[in-house]
Amino acid sequence: MSPSQVPQPVHVLSPDLVSVVKNSTEATTVAIIKKNQYTRYFSESPVFAEFHSALRNVGWEDDRSISDNILLETYRTTIPLTTYDSYEPFVTKLLTGTCQEDDVRDMFSPGLPHHIAVTSSTSSLKPKFYCKYQHLGAMRYPFGDGRQTFWTFSLHYRQLVKVQNCSGDIISTIPVGTQSSGIFRARSGLEVENDHLNIKLAGELATSPIAVGFISDYRAFMLTHTLFALANSKIETISIIFNTSVVDMVRFMEEEWYTLTTSIETGELPSWEGIQEVREYLQAIISLPPHFLPRPERAAQLRAVGKATDQPGWLVKIWPMLKTTISVSSGVFSVAVPKLRFYLGPDVHLRSLGYGTSEAFVAAVYDPSDLNLFKVTSQEIIEYLDMDKDDNASSIIPPWLVEVGKHYEIVCTTCDGLWRYRPGDVVEIAGFDPTDGTPIIRYCERRKQETRSAITWMAGGILTERQITAAILAVQDTFAQIVEFTAIIDSRDGVPTLGYLVEVHGELHPEAAKAPMKLHNELCRLNEEFDPRRMQVPTIRVLKPGAFGEYRQWRIQVTNSGSGQVKVPVVMSDNGAQEWMLARVRGELGVESNGGVVQG
């Protein structure tokens, strides 16, 4: 649907729309309960004991034909808010290398998982693992399709789980990796048992052959995908999960321009570190149509354009038919949008990928022209926790009763076996779809506790991720165009304050030295709880160009995560990650003891 055809969200639901969304939500709830009611997690975890006790009291064990109304009421009144603490003991049983089928079948949903999604450890030091099952109609992400799509798909996994039956036969092999990798495998039919054959395939959904997806080194992964895309002058779509990785791609292209164009000219693969394990498969396949062969004419076209990354619309000069770029660009990723728009020029459509997490798919794109406007899925149950009330299930609001403009923490009950689970995301209700009453939402921020105590203690108030992001963006006109940032608690002077670590595009503004005080004022304006006399002036340290791209490379190596899933947290609490970033500081804007601002 084009932006001009998207109906404006309504702010008040009519009685008829209330009935539509209520009936749809309740039907999905009943379907999920009936699907997952006999799973190991739901049957054995003590957090659901009240649900089972309530049903036994109405004859559940004697009569399985309990009415849907009783199921719904029991769900509403007895299912508590859940976290990873109750989920972890059960998923851990699947992470032992080789499992017995009787021990893991029907763990969270009927059957065995297709893959196990692992989080990127953005907001916690320890990764979390979520079993993902195959369901009808589950392909919900607009990654792009076809040979004119530059799609940086990954097939990397951190481990394989083998399931053994009572006869000792391996009946299933389950990859543990990023959710995006699992989705690509499911969509492409690339089962991990056949990877010895998959790695030889040309691929049908993107410009790159399948072997590129097995590269684990981030820089080599991005460069090799880029090499195959550069060889094709007819690229129409770029599909890269996070827009910050598009910015990394441009930097890598600039650094390796001569090598890339020479490879396209000769048809020989570069000797990049990190592609050794797939090199023979790539070299064998590049001589087959439609891959690039020696293409001296295409190399000449690229050299004529040059690596003019300082010119607006450079990517369109490389790919004249480029129409759309699909990436996550909401939340903290909105910071990179101006830089990305600079490379794309004004005419290429920048589209969101949708709103999904490792835990659940939450919402699809509603208006393609709005990077942070989503229509909540009807295939899962998304409920809304009123953050102004008690922190328990009694404060959950159903979709037909949420208020436009209000912020809620989302709570998910899914086909994959999560029950009123808290991913930790906060959304704003933007309205309702006038066709079916479904809530239309905007992503706001993570709701996490680990940074709040220090911030509260130093300033008398609570800083949210949204405020931290909005404040640094508000000082760009005084400071510089920001490509990416993170923040830490800076205690070097003995009194904690917020310390920004920032990568910028271009030179600092002549009045950049005023940015810390302006940032201080903006933070106090955004949160009236702060006492300006107690709120220490934030610090701003400028990182060397490309620091965040290098961070993603480093983070992938130390966590053994996939190249498609490395996010930089708004507030960085990992001491090792902080030290890594601080080693790449090239200058600082700070505050002298007499209150004057200095630029270093």
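Residues numbered from 1 in each chain as written. Predicted model: local features only at pLDDT ≥ 70, side-chain atom pairs only at ≥ 80, totals over all residues. Heavy atoms only, no water.

### Focus on the packing of aromatic side chains
Applying the stated criterion across every chain yields a total of 28 aromatic pairs. In this structure an aromatic cluster arises from ring pairing among Y41, F42, F48, F51, Y84, Y87, F90, F108, Y130, W419 and Y421. Lying over the aromatic face of W580, R584 brings its terminal NZ or CZ to 3.5 Å of the ring centre. (Phe/Tyr/Trp six-rings, centres within 6.5 Å; stacked < 30°, edge-to-face > 60°. Lys NZ or Arg CZ within 6 Å of the ring centre and 35° of its normal.)

### Comments concerning unusual backbone geometry
When glycine is set aside, most residues are seen to have a negative phi, and most peptide bonds are trans. Here the phi dihedral of D106 falls at roughly 60 degrees; this positive angle occurs in a residue that is not glycine. Within the fold, D106 resides in the loop between α6 (101-104) and β2 (115-118). In the Ramachandran plot, R420 falls in the positive-phi region, its phi being about 45 degrees despite a non-glycine side chain. Within the fold, R420 resides in the loop between β15 (407-413) and β16 (425-432). (Helix = DSSP H or I, 4+ residues; strand = E, 2+ residues; numbered from the N terminus.)

### Quick notes on the pairing of strand β19 (residues 497-505)
Across the 9 residues that make up β19, a large majority, 8, are buried. Two strands pair when backbone bridges link them, and strand β18 (residues 481-490) and β19 are joined in this way by 9 bridges, in the antiparallel orientation. Paired with I488 across the bridge in β19 is G499. Where β18 folds back onto β19 in an antiparallel hairpin, the turn is made up of 6 residues, including G494, whose phi is positive at roughly 95 degrees. As paired elements, β19 and strand β20 (residues 539-543) share 4 bridges and run parallel to each other. Among the inter-strand pairings, L501 is bridged to a residue of β20, identified as R541. (Buried < 20%, exposed > 50% of the residue type's maximum accessible area, 1.4 Å probe, protein only. Pairing = 2+ DSSP bridges.)

### Re the environment of D248
Take D248: it is sitting in helix α10 (residues 243-255). Judged by relative accessible area, which is 7%, D248 ranks as buried. Between the C-alpha atom of D248 and that of A547, which follows or precedes it by 299 residues, the distance is 9.8 Å. When neighbours within four sequence positions are excluded, D248 is seen to be in contact with Y218, G549 and R552. Polar contacts involving the side chain of D248 include one to the side chain of R552, which spans 2.6 Å. (Contact = heavy atoms within 4.5 Å. Polar contact = N/O pair within 3.5 Å; in protein donor to acceptor, adjacent residues only side chain to side chain.)

### Some points on the confidence of the model for the chain
Overall, the predicted model of the chain reaches an average pLDDT of 88, with 90% of residues at or above 70. Here residues 449-458 is modelled with pLDDT under 50, and outside its nearest four sequence neighbours on either side it reaches 20 contacts, counting other chains as well. Residue range residues 591-600 is modelled with pLDDT below 50. Its contacts to residues more than four positions away, or to other chains, number 19 contacts. (pLDDT = per-residue confidence, 0-100.)

### Quick look at the side chain of Q179
Mapped onto the elements of the fold, Q179 is located in helix α7 (residues 179-188). Overall, the relative accessible area of 14% leaves Q179 in the buried class.

### What about the sheet that holds β2?
In any sheet, the strands associate via hydrogen bonds between backbone groups, in a parallel or an antiparallel arrangement. Across the sheet, 5 strands lie side by side as β1-β5-β6-β2-β3; this open sheet has mixed pairing. At either margin of the open sheet sits one strand with a lone partner, and together these are β1 (98-100) and β3 (129-132). Averaged over all pairs of adjacent strands, the angle between their axes in this sheet comes to 25 degrees, without regard to strand direction. With 2 bridges joining them, β2 and strand β6 (residues 170-177) adopt parallel strand pairing. Residue pairing for β6: I116 is matched across the bridge by V176. (Axes fitted to C-alpha atoms, helices over the stretch in contact; angles between N-to-C directions.)

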